[in-house]
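These are the residues of each chain, in order.
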Amino acid sequence: MLQISLWKRALIVLLSLAALVYATPNLFYERVERHNDAVLAMAAGQDTPQLRAERSLWPDWAPSYLVNLGLDLRGGAQLLAEVSVTDVYADRIDALWPEVRDLLLAERATVGGVRRMPSDDLGVMRVAVSNPDGLDQALSVVQSLSRPMQTLTGIGQQDLEITLDQGQIRITLSEAERLATDDRTMAQSLEIIRRRVDEVGTREPTILRQGADRILIQVPGIGSADELKALIGTTARLTFNPVIGTTSDAGQTAGLRQVIYPSAEDQGLFYILEQTPVVTGEQLVDAQPAFDQNGRPAVSFRFNPSGARAFGLYTAENIGSPFAIVLDSQVVSAPVIQSSIPGGSGIITGRFSVEESTNLAVLLRAGALPARMTFLEERTIGPELGQDSIDAGKIAALVAMALVLIFMVLSYGMFGVIANVALLFNIAMIFAILSVIGGTLTLPGIAGIVLTIGMAVDANVLIFERIREELRTARGTARAIELGYEKAMSAIVDANITTFITASILFALGSGPVRGFAITLGLGIVTSVFTALFVARLILVTWYERRRPKTITI
Amino acid sequence: MRLKLVPEKTDINFMAPWRITFGLSALLMVLSTVAFFVFGLNFGIDFQGGTSIRIEATQPIDVGTYRDAISPLNLGDVSISEVFDPTYAADQNVATIRIQAMDGEESVSPEVLAQVETALNGVDPTLTFTSVESVGPKVSGELVQEAIIAVIAALGAVLVYIWLRFEWQFALGAVAALVHDILLTIGIFSVIQIKFDLAIIAALLTIVGYSLNDTVVVFDRVRENLIKFKKRALLDVFNLSLNETLSRTLMTSVTTLIALVALFVLGGDVIRGFVFAMIWGVLVGTWSSVYVAAVIVKRLGVRRDWGQGNGDKAGTQFATDP
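Since the model is a prediction, treat every value here as computed from it, not as a measurement. (Residues numbered from 1 in each chain as written. Chains lettered and ligands numbered in written order. Predicted model: local features only at pLDDT ≥ 70, side-chain atom pairs only at ≥ 80, totals over all residues.)

Colleague: Explain the overall build of chain B here, please?
Modeller: When its secondary structure is counted, chain B shows nine helices and six strands. A compact globule built from 322 residues should have a C-alpha radius of gyration of about 20 Å, whereas chain B, at 25 Å, is more than 25% larger. Taking the principal axes of its C-alpha atoms as reference, chain B extends roughly 80 × 50 × 35 Å. In chain B, which comprises 322 residues, the share counted as buried stands at 45%. (Helix = DSSP H or I, 4+ residues; strand = E, 2+ residues; numbered from the N terminus. Rg over C-alpha atoms; globule rule 2.2 N^0.38 Å. Buried ≥ 20, exposed ≤ 12 C-beta atoms within 10 Å, placed from the backbone.)

Colleague: Is there a simple way to think about the interface of chain A and chain B in this case?
Modeller: Accessible area lost on assembly of the parts is the figure often given for the size of an interface. Tallying the contact residues gives 62 residues for chain A and 62 residues for chain B. Here five bridges tie strand β18 (residues 373-381) of chain A to strand β5 (residues 128-135) of chain B, and the two strands are oriented antiparallel to one another. Its bridge partner lying in β5 of chain B, T380 of chain A is registered against V132 of chain B. (Contact = placed C-beta atoms within 7 Å. Pairing = 2+ DSSP bridges.)

Colleague: Which parts of the structure should I look at to understand unusual backbone geometry?
Modeller: The bulk of non-glycine residues show a negative phi, and the bulk of peptide bonds are trans. The backbone phi angle of R548 of chain A is positive, close to 45°, even though this residue is not glycine. Residue position: R548 of chain A is located in the segment after α16 (513-547). A tally of 8 C-beta atoms within 10 Å means that R548 of chain A is categorised as exposed. The residue Q193 of chain B is not glycine, and still its phi comes out positive at about 55°. Along the chain, Q193 of chain B turns up in the loop between α6 (168-192) and β6 (195-196).

Colleague: Can you walk me through the domain arrangement of chain B in this structure?
Modeller: Residue and element names in this part refer to chain B. Split by domain assignment, chain B resolves into domain 1 (18-43 + 140-300) and domain 2 (50-135). For domain 1 and domain 2, the distance between their C-alpha centres works out to 37 Å. Contacts between the two partners involve four residues from domain 1 and, on the opposite side, four residues from domain 2. (Domains from an automatic or database assignment.)

Colleague: Which parts of the structure should I look at to understand the nonpolar core?
Modeller: The nonpolar side chains of soluble globular proteins are, as a tendency, buried together. Membership of the largest hydrophobic core comes to 231 residues, with the highest contact counts inside it found for A400 and V450 of chain A. A total of 18 residues in this core trace back to one element, the largest contributor, which is helix α7 (residues 198-228) of chain B. Ignoring sequence-local partners within four residues, the contact set of A400 of chain A consists of V450 and I453 of chain A together with I258, A259, A262 and L263 of chain B. (Core = buried A, V, L, I, M, F, W, Y, C linked by C-beta atoms within 7 Å.)

Colleague: Sorry if this is basic, but what is going on with the domain arrangement of chain A here?
Modeller: By the assigned domains, chain A splits into domain 1 (6-26 + 384-547), domain 2 (87-178) and domain 3 (234-378). Of note, the centres of domain 1 of chain A and domain 3 of chain A, computed from C-alpha atoms alone, are 62 Å apart.

Here it is, written out as structure tokens:
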């Protein structure tokens, strides 16, 4: 009764062969990788004899999926960044001020003079009017600014919270709007980090949002976490602010709606600036590294139409007075306006090296990060250490495999050989699936595979031991084999489901290398059950059909 | 000619010395708990925050001189330890430097790292940093929490699954065995002070998986024999089941151990702690399947009316074979 229908046989053979075919590229890792890189470069329009040579390292028609190597194997850097999402609240509230002022100025007859008052919380705007009787009127006018939320989660709620507080009008973002803003900030940060990392052109970076306000960045092949931090940690927030004066005292208190920023060039020099910028980096459309008249490295930039208009108007009105180019709370330079600049393009000079000006241009082009980031975790793995780990893991896996294969043959003879063939297919399947789904192999992942080698034989051991038992009692060898499979089934299912449960929990709750381990362990369970129940059985049945042995020894 | 780990037919009375074996397990659990509270675990930066630097040099490493070179930097508690491994080349000398988390800093600043590197290069110019890992106290606190949740979630899921597939006595026995394995692993890590990091949590959960695998296979046979031999004494049924599965239990343990030992010896020092945890886990997991899980189920007693007629089929309702 050891029948397996033809289509089932075909399917098992097909799947096993597919596993072999898709696992093969990993044996020629470097060649296939160079081939893949060349294919990508050529798809992007490049074409050199060198690329063609690289491409021909691996045939185009063959599968070229590879297992991704984790940071611990390839070397590279990882950062876990926390985005200060609350930074954005202040910007949003600040942007409201001109509107609030204009609305209230129109009502001057009832409300009197309008002043923006200082506030401890930067996410809150406080506005005072000189006529206390007009306060209610002022409040209702300002409240007209608040709009119903448009997002799905915020339906029925207003975007602003405008109340009376200690005789002043208090304006802040509503809770729902804050949540919506957080989401936008995170999406924007992710996008900008991605653009910055892509500009450097490294291989397969991982940029993931984690939780409410965190971003995980993994860049294989980069020299160190510091390099990565310099690239993505800079906010690159560029503003052009009117200059009020300079001082040498950093502790001096700034006037209302003014800020004091240090000069990037001169130690001990501080600029007093108006807090509201004339134009910002968001209005840039292009930035390129360049040189100024004296041949010093600089960055040239161009504004979009609205930026160009604002910039042109301001420079026309303020000829002769200085204005400051501010980058991340530092005054890069503060030239005096010589003439109106209507074209909307200009040049930033400062004490840059060529490298710095190139980097700054990249950062300006990619856009500013909407909020600051703090780094909670950083890891750098040197490529040599990764290579050592791969080498050690490879040798260990091969030795482990050889020992297990020998042990199985010694214990079960011919049946051991069958189990071994199944084991080899099992390993091929793990690699094939990992390659096709783009899974990542980490060092604990290699340990997971080695553990699978040990445990994969378990299903076959269960079956063989059972067949041994049945041989003592059952009538005939065929019946014994059949009963062996039948009765071992429940133990195999239970044992593997429970292990699979723990692997899933590891995957769901773990992170980084632990997750890599969970993936290989989980995959190993699925493939080992498949190879034991189908591949090994098919071989066994085929052998039995040919030989029809009267007695068998396991 | 076959290699046989156990004779064809065995008749070992596993359950007879249960007072001694179970007592031994209980004693080891208590000792592990004591060790945990007395020695504590040697937490890695994943759980404690701080910075860990791995250095490699072609010249022999002198921990004392390194310490002297770094101490003027005032980095607080710095520990330096040399790492030895048979897989290293002759001129490959490795050490790890551990710097505690700074107050108010989430991760080590590039300036501090540069200072450390300059100071050490002053001692040995051949020295390079092969890896630098830094975890802030904020994240490490969360990682501890996540790890505990992961372990508890795994135990809970297993409890429910076995309860559904068998009976509540089996679920209790299995979970008790798992708690035993986890406690003993934490105990040995406390005693020999191997670094306890995120990877060890993964190892712990794998131990849970492995031990469970073993336990379930034994339980499965007990269930089968309980149905087959309705009249035999519970003790006999347990002993019979354990003897019948003994060959398989040892075969699987040995193959897994062969693979793990190969990895332990040849896999490099980065994962040695992780592999050690798994080897230990396979040993205690195999032990606990018999001497904790089975003993507890035997003590709790099970209903013997399984599989009778159409009435009460408790415990077998989800089984694949009736």
